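# Chain and residue survey
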Amino acid sequence: MWESIHKHDSASAAHQLAQMREELASIGEKERVLRERSAAREVYRYLLEAHRLIARTSFLEEQVLNIPPPAAGEGSQLAA
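Attention in this report is confined to the structure presented alongside it. (Residues numbered from 1 in each chain as written. Predicted model: local features only at pLDDT ≥ 70, side-chain atom pairs only at ≥ 80, totals over all residues. Heavy atoms only, no water.)

### A few points about a nonpolar patch on the surface
- On the surface, a cluster of nonpolar side chains totalling about 340 Å² of accessible area is made up of Val 43, Tyr 46 and Leu 47.
- Along the polypeptide, Leu 47 turns up in helix H1 (residues 2-65). (Patch = residues over 30% accessible without salt bridge, like charges linked within 9 Å, V, L, I, M, F, W, Y side chains within 5 Å. Areas by Shrake-Rupley, 256 points an atom, 1.4 Å probe, with all protein chains shown as cover. Salt bridge = Lys/Arg side-chain N within 4 Å of Asp/Glu carboxyl O. Helix = DSSP H or I, 4+ residues; strand = E, 2+ residues; numbered from the N terminus.)

The following block contains the structure:
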């Protein structure tokens, strides 16, 4: 009788241990996926910010370069 109870308890404990291992593996996998997603979001933010800076710089350079020089008579009118 004692042996059958002990075997049952051992089997139950082994089953619970196997379930816990599966849960830990599942949690580990979820954490890995979340880290990858977080890293991907950081890369996306970095690239987006770089794109914005480049676009802003390009826009400002175009604005500066496309300003027409003042005509001969305009310079004196602005100074007055």
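### As for the pattern of salt bridges
- Per the stated rule, a full pass over the model turns up 4 salt bridges.
- As a salt-bridge pair, Glu 36 and Arg 32 come within 2.4 Å of each other at their nearest N and O atoms. Taken as a pair, Glu 36 and Arg 32 lie in helix H1 at a separation of 4 residues, close to a single helical turn.
- Note on Glu 36: relative accessible area 46%, which makes it partly exposed. (Buried < 20%, exposed > 50% of the residue type's maximum accessible area, 1.4 Å probe, protein only.)

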